[in-house]
Amino acid sequence: MAGFTVAIVGRPNVGKSTLFNRLLEQRKAIVDDQSGVTRDRQYGIADWNGKTFNVIDTGGFVTNSDDVFEREIRKQAKVAMEEANVIIFMCDVTTGITDLDADVANILRRTSKPVFLVVNKVDNSQRQLEATEFYSMGFDHIHFLSSMTGSGTGELLDDVVSFITPEMEDARLDTDIPKIAIIGQPNVGKSSLLNALVGVERNIVSDIAGTTRDTIHTRYNMFQKDFMLIDTAGIRRKTKVHEDLEFYSVIRAIKAVDESDVVMLLLDAEKGITAQDLSIFSLAARKGKGVVVLVNKWDLVEKGTNTARDYEKTLKERLAPFSDVPIIFTSVTEKQRIFKAIETALDVYENRKRRIQTSVLNDVLLKAIEAYHPPVVRGIPIRIKYVTQIPTHTPAFAFFCNLPDDVKTPYRNYLENQIRTKFNFTGVPLKIFFRKK
């Protein structure tokens with residue numbers, strides 16, 4: 001799982017999002033051909049030459065008003081310097097070096113981390129010539145490319161992945177106890193949950209204007225349970241300065257997801273699930289982490305006969321296609337169901353480790369395939385002969401058949417549902433592969 005993070009910074013309209021989409025496209029076909037997995041793409045996972053890393057497009061985090069534009073961009077450059085492993089600083093050859101570019105460059109020169117100056121829209125020889133003025137900015141790594149056509153992006157990626165060491169790729173904490181991350185929007189009750197579980201008030205929110213710099217790791221060892229809680233509650237707005245730290249919290253949440261085995265996603269019962277929550281949820285699923293959804297502040301919701309049932313149904317529709325997820329209605333202040341939440345997270349951890357014997361798997365699934373055959377392709381029936389579980393961190397299954405490329409999503413979903421129905425993988429994303437027999 002990727003623990004290496006690349007942030008793309010720069011002023012608006014230089015092509016950051018286009019480059020971001022292109023970097024993720026490299027991997028789309030390999031990792032996930034389910035539709036609707038990522039919604040609101042500000043961050044995702046890229047893959048190049050077998051190395052995997054997180055990519056964050058800061059463009060999605062700048063508020064669209066002129067007076068705060070410049071301040072936001074400078075702030076994000078600083079956050080990227082602190083949090084990312086590598087920074088891609090993007091400029092536009094058609095405008096040349098602007099004052100804002102020079103400002104951001106001054107900030108980025110103070111970091112010891114690798115900064116790649118990427119000059120975009122260089123798609124002909126005239127622009128190649130014009131781009132040479134950017135050498136005056138004094139960065140070691142300079143790339144001329146066109147994020148629209150993709151020319152030059154391969155060389156950039158080669159350069160980026162050369163900085164990834166094996167330790168950086170796997171950011172999971174080196175302990176053999178379960179690691180559970182608490183993530184969610186500000187003010188949904190993350191710190192309160194941690195305090196309620198541990199039973200002590202921890203000084204998580206500092207009095208100093210600013211933010212706690214690290215995710216907080218707490219060992220829980222009571223009532224015959226031993227696990228690590230990874231808390232992103234250190235993400236707080238500055239008390240005196242009114243500024244949005246959403247970008248900060250996203251980087252923190254991604255790091256917490258990387259380090260964990262199971263993610264507890266806290267939602268505010270009154271607000272429901274936001275686009276940001278959905279993005280983090282689908283990111284956790286794509287990284288193969290177990291997921292438990294906690295609907296907090298449930299005590300504040302007016303309840304009728306089927307309030308919880310209807311709420312859960314709506315929530316699962318939003319989470320689709322991965323909807324086999326435990327949903328628990330909690331109130332951290334009232335300590336309602338918070339220990340049930342932990343029990344469930346530990347169950348999901350066990351589900352994620354579950355290994356099914358090949359003989360049992362074939363016995364059950366070949367009957368399911370017999371009951372509902374794969375479709376016929378070009379007059380040839382698809383025949384699945386054999387299935388086995390692949391030895392990976394997260395549950396993955398390989399189906400061996402005559403036409404692996406022709407098995408479509410609906411049938412893949414049918415097989416996944418059969419695995420979920422017959423064996424307990426609640427809260428755990430499954431990967432299914434088809435291979436040539």
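Treat the numbers as computed from the prediction; the structure is a model and nothing was measured.

Chemist: Describe the nonpolar core, listing the residues and the values that go with them.
Modeler: Within the largest apolar cluster, 37 residues are counted, with the highest numbers of intra-cluster contacts made by I183, V293, V295 and L315. Listed by contribution, the elements that provide at least two residues to this core are strand 7 (179-184), strand 9 (225-231), helix 8 (246-259), strand 10 (262-268), helix 9 (275-286), strand 11 (290-296), helix 10 (307-319) and strand 12 (327-329). Both domains that furnish three or more residues to this core are identified here as domain 1 (5-170) and domain 2 (174-353). Each residue touching V295, except ones within four places of it in the same chain, is listed here: L267, A269, Y311, L315, I327, I328, F329 and T330.

Chemist: Would you mind going over the packing of aromatic side chains in detail, with residue names and values included?
Modeler: Two numbers describe a pair of aromatic rings. These are the distance of the centres and the angle of the planes. Evaluated as defined, the whole model comprises 13 aromatic pairs. On the basis of an interplanar angle of 90° and a centroid distance of 4.5 Å, the ring pair of Y372 and Y414 is categorised as edge-to-face. With Y372 in the loop between helix 12 (358-371) and strand 13 (376-377) and Y414 in helix 13 (residues 409-422), this residue pair connects regions lying 42 residues apart in the sequence. Residue class for Y372 comes out partly exposed when judged on its relative accessible area of 43%. Ring centres 5.7 Å apart and planes at 35° place the aromatic pair F399 and F434 in the tilted group. Remark: F434 occurs in strand 17 (residues 431-436) and F399 occurs in strand 16 (residues 396-401); sequence separation between them is 35 residues. Judged by its relative accessible area of 0%, F399 is buried. F434 sits in the buried class, given a relative accessible area of 13%.

Chemist: Kindly report on the environment of T388, identifying the contributing residues and their values.
Modeler: Position of T388 among the secondary structure elements: in strand 15 (residues 384-390). A relative accessible area of 17% means that T388 is categorised as buried. The sequence separation of T388 and T358 amounts to 30 residues, and the corresponding C-alpha distance is 5.3 Å. At 3.4 Å, the side chain of T388 and the side chain of T358 are in polar contact.

Chemist: Tell me about unusual backbone geometry, and name the residues and values.
Modeler: The residue after A320, namely P321, is reached through a cis peptide bond having omega 10°. In this fold, P321 is placed in the loop between helix 10 and strand 12. Although it is not a glycine, K335 adopts a positive phi angle of roughly 55°. Along the chain, the position of K335 falls in the loop between strand 12 and helix 11 (338-353).

Chemist: Residues and numbers for the packing of helix 7 (residues 190-198) against helix 11, please.
Modeler: Contact geometry of helix 7 with helix 11 gives a least axis separation of 10 Å together with a crossing angle of 90°. When the axis of helix 7 is compared with that of helix 11, the two are roughly perpendicular. Contacts from L193, A196 and L197 of helix 7 reach helix 11 at I338, F339 and I342. Partitioned by chemical class, the residues of the contact of helix 7 with helix 11 number six nonpolar, no polar and no charged.

Chemist: Which residues make up the pattern of salt bridges, and what are the values?
Modeler: Using the criterion set out here, one finds 14 salt bridges in the structure. Measuring nitrogen to oxygen at the nearest pair gives 2.9 Å for the salt bridge that ties K121 to D92. Linking K121 in the loop between strand 5 (115-120) and helix 4 (125-130) with D92 in strand 4 (residues 86-92), this pair joins segments that are 29 residues apart in sequence. By relative accessible area, K121 is classed as partly exposed at 27%.

Chemist: Requested: an account of the sheet that holds strand 16, with residues and values cited.
Modeler: Sheets are built from strands paired through backbone hydrogen bonds, the pairs being either parallel or antiparallel. Taken together, three strands build an open sheet; the order of strands is 15-16-17 and the sheet is mixed. Strands at the two margins of the open sheet, each flanked by one partner only, are strand 15 and strand 17. Taking each pair of neighbouring strands and ignoring which way they run, the sheet shows an average axis angle of 25°. By the bridge criterion, six bridges tie strand 16 to strand 17 in an arrangement that is parallel. Paired with F397 across the bridge in strand 17 is I432. Against the sheet, helix 12 makes contact with strand 15 and strand 16, and its axis sits at roughly 135° relative to strand 15, the strand it touches most.

Chemist: So what's going on with the pairing of strand 6 (residues 141-144)? Residues and values would help.
Modeler: Relative to strand 6, strand 5 runs parallel, the two being bridged by four bridges. Note that in strand 6 the partner of L117 across the bridge is I142. In this region the chain leaves strand 5, passes through helix 4 and returns to the parallel neighbour strand 6; the handedness of that crossover is right-handed.

Chemist: Break down the confidence of the model for the protein chain for me, citing the residues and quoting the values.
Modeler: Mean pLDDT over the protein chain stands at 79; residues scoring 70 or higher make up 81%. Note that pLDDT drops below 50 for residues 26-41; the model gives that stretch 34 contacts with residues more than four away or on any other chain. Confidence drops under a pLDDT of 50 for residues 234-244, and excluding neighbours within four residues, the segment shows 23 contacts in the predicted structure.

Cut-off values and rules
Here the residue numbering is sequential within each chain, running from 1 through the sequence in written order. It should be noted that, the model being predicted, local features are given only for residues of pLDDT at least 70 and side-chain atom pairs only at 80 or more, the latter also being counted only at that level, while totals for whole chains, interfaces and linings use all residues. Excluding hydrogens and water, the side-chain figures rest on all heavy atoms present in the structure. Throughout this description, the term nonpolar core refers to a set of buried Ala, Val, Leu, Ile, Met, Phe, Trp, Tyr and Cys residues connected via side-chain atoms within 4.5 Å. Per-residue accessibility, obtained with a 1.4 Å probe over protein chains only, is compared with the maximum for each type, and a residue is labelled buried under 20%, exposed over 50%, and partly exposed between these values. A run of H or I in DSSP becomes a helix once it reaches four residues, and a run of E becomes a strand once it reaches two; helices and strands are each numbered from the N terminus. Where each domain starts and ends follows an automatic or database-derived domain assignment. Should any heavy atoms of two residues lie within 4.5 Å, those residues are counted as being in contact. Each Phe, Tyr or Trp ring (for Trp, its six-membered ring) is paired with any other whose centre lies within 6.5 Å, and the angle between the two planes then decides the class: stacked below 30 degrees, edge-to-face above 60, tilted in between. Polar contact is the term for a pair of N or O atoms within 3.5 Å; when the atoms are in protein, one must be able to donate a hydrogen and the other to accept it, and sequence-neighboring residues count only if both atoms are side-chain atoms. In this analysis, axes come from line fits to C-alpha atoms, helices being fitted only over the stretch in contact, and the angle between any two N-to-C directions falls in the range 0 to 180 degrees. We call two directions roughly parallel when the angle between them is under 35 degrees, roughly antiparallel when it is over 145, roughly perpendicular when it lies between 65 and 115, and oblique otherwise. All residues other than Ala, Val, Leu, Ile, Met, Phe, Trp, Tyr, Cys, Pro, Asp, Glu, Lys and Arg, Gly among them, are scored as polar; the first ten of these are nonpolar and the last four charged. The term salt bridge refers to a pairing of a side-chain nitrogen on Lys or Arg with a carboxyl oxygen on Asp or Glu at a separation within 4 Å. Strands are treated as partners if at least two bridges between them are detected by DSSP. Handedness of a crossover is defined as follows: with both strands directed away from the viewer, a clockwise route from the first strand across the helix to the second makes it right-handed. Confidence per residue, as judged by the predictor, is encoded in pLDDT with a range of 0 to 100.

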